[in-house]
Amino acid sequence: MSDSKVSGSNSKHLEYVKTMGPVAKTLDLYQGESNVQMGWLLPTITLLKAKLQHLHISVKYCGPLVDALLAGLEK
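Presented here is an overview of the structure given in this document. Note that the structure is predicted; figures quoted are calculated from it, not measured. (Residues numbered from 1 in each chain as written. Predicted model: local features only at pLDDT ≥ 70, side-chain atom pairs only at ≥ 80, totals over all residues. Heavy atoms only, no water.)

All right, on to the packing of helix 2 (residues 41–58) against helix 3 (residues 63–74) then. For the pair helix 2 and helix 3, interaxial distance at closest approach is 10 Å and the crossing angle is 155°. With respect to their mutual orientation, helix 2 and helix 3 come out roughly antiparallel. Taken as a pair, helix 2 and helix 3 cross one another with a handedness that is left-handed. On helix 3, the residues that touch I45, L48, K49, L52, Q53 and H56 of helix 2 are G63, V66, D67, L69, L70, L73 and E74. Within the contact of helix 2 with helix 3, the residues separate by chemical class into seven nonpolar, three polar and three charged. (Axes fitted to C-alpha atoms, helices over the stretch in contact; angles between N-to-C directions. Helix = DSSP H or I, 4+ residues; strand = E, 2+ residues; numbered from the N terminus. Parallel < 35°, antiparallel > 145°, perpendicular 65-115°, else oblique. Left-handed = near helix turned anticlockwise from the far one by under 90°. Contact = heavy atoms within 4.5 Å. Nonpolar A, V, L, I, M, F, W, Y, C, P; charged D, E, K, R; others polar.)

Next up on the list: the environment of Q53. Within the element layout of this structure, Q53 appears in helix 2. Note: C-alpha distance between Q53 and L70 (17 residues apart in sequence) is 7.8 Å.

Moving on, we come to the environment of V36. Inspection of the secondary structure assignment puts V36 in the loop between helix 1 (3–32) and helix 2. With a relative accessible area of 29%, V36 lands in the partly exposed category. Ignoring sequence-local partners within four residues, the contact set of V36 consists of L29 and Y30. (Buried < 20%, exposed > 50% of the residue type's maximum accessible area, 1.4 Å probe, protein only.)

Next up on the list: the packing of aromatic side chains. For the structure shown, the criterion picks out zero aromatic pairs. Over the face of the ring belonging to Y61 we find K12, whose NZ or CZ atom lies 5.3 Å from the ring centre. (Phe/Tyr/Trp six-rings, centres within 6.5 Å; stacked < 30°, edge-to-face > 60°. Lys NZ or Arg CZ within 6 Å of the ring centre and 35° of its normal.)

A few words on the side chain of E15. Position of E15 relative to the elements: it lies in helix 1. Here the side chain of E15 touches C62 through a polar contact of 2.6 Å, landing on its backbone nitrogen. Among residues more than four places away in sequence, those in contact with E15 are V59, K60, Y61 and C62. (Polar contact = N/O pair within 3.5 Å; in protein donor to acceptor, adjacent residues only side chain to side chain.)

On their own, these measurements won't tell you what the molecule is for.
So this is what it looks like as structure tokens:
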């Protein structure tokens, strides 16, 4: 396998991890806590949306994923 193909695949994977990291952390917060307060929901979702919007500017491969995540948060 050529080096450019490996590095391209690696950069796609790293971009995916960078995109899904904030989503995974948010889900872990709400699934792992036994006494989650409703007052945490709106600030956490707002912060997640801001992080995804910031990522949307810099991603090369995961733009459609970021769009889908942001659209899902708007519903």
